[in-house]
Amino acid sequence: MAQITNLNRYRKDKARAEKRRLGDENAAKHGRTKAQKAAEQADAERAARTLDQHRRDDN
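Computed from a prediction, not measured in an experiment: that's the story for all the values here.

A. Broad picture of the overall build of the protein. On a plain count of helices and strands, the protein comes out with two helices and zero strands. Relative to the globule expectation of 10 Å for 59 residues, the C-alpha radius of gyration of the protein, 26 Å, shows a markedly less compact shape. Along the longest, intermediate and shortest principal axes, the C-alpha atoms of the protein span 90 × 20 × 10 Å. Put simply, the protein has 59 residues, and 0% of those count as buried. For the protein, the exposed area adds up to about 6300 Å²; of that, 51% sits on carbon and sulfur atoms. Measuring between centres, the 16 positive side-chain charges of the protein sit 13 Å from its 10 negative side-chain charges.

Next comes the structure, spelled out in structure tokens:
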């Protein structure tokens, strides 16, 4: 006997899988880990400090 397939369930499962795939793709493309965010912030602070150290006082 053939296996009965609920077409509504199949359609919804397929849509969920596609949505999950797109979300994972976007996370890989745009997402950053907490460590990456912290490193980027530290680099920005270091650059700002270096720039301030080279500022001239014209008083």
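B. View of the pattern of salt bridges. In the structure shown here, the tally under the stated rule is seven salt bridges. The closest approach of N and O atoms between Asp13 and Arg16, which form a salt bridge, is 2.9 Å. You can see Asp13 and its partner Arg16 sitting in helix H1 (residues 7–30), three residues apart, about one turn around the helix. Taking relative accessible area as the criterion, Asp13 reaches 40% and is therefore assigned partly exposed. One salt bridge in this structure joins Asp24 and Arg20, with 3.6 Å as the shortest N-O distance. Of this pair, Asp24 and Arg20 both sit in helix H1, separated by four residues, roughly a single helical turn.

C. Region of interest: the environment of Ala35. Note on placement: Ala35 falls in helix H2 (residues 34–53). Residues Ala35 and Arg55, spaced 20 residues apart in sequence, show a C-alpha to C-alpha distance of 31 Å.

D. Highlighting H1. Compared with the 34 Å implied by 1.5 Å per residue over 24 residues, the 34 Å span of H1 between its first and last C-alpha is a close match. For H1, the capping residue at the N-terminal end is Asn6, with a side-chain oxygen 3.1 Å from the backbone nitrogen of Asn8.

Cut-off values and rules
Residues numbered from 1 in each chain as written. Predicted model: local features only at pLDDT ≥ 70, side-chain atom pairs only at ≥ 80, totals over all residues. Heavy atoms only, no water. Helix = DSSP H or I, 4+ residues; strand = E, 2+ residues; numbered from the N terminus. Rg over C-alpha atoms; globule rule 2.2 N^0.38 Å. Buried < 20%, exposed > 50% of the residue type's maximum accessible area, 1.4 Å probe, protein only. Areas by Shrake-Rupley, 256 points an atom, 1.4 Å probe, with all protein chains shown as cover. Lys, Arg positive; Asp, Glu negative; His and termini not counted. Charge placed at Lys NZ, Arg CZ, Asp CG, Glu CD. Salt bridge = Lys/Arg side-chain N within 4 Å of Asp/Glu carboxyl O. Expected span 1.5 Å × (residues − 1). Polar contact = N/O pair within 3.5 Å; in protein donor to acceptor, adjacent residues only side chain to side chain.

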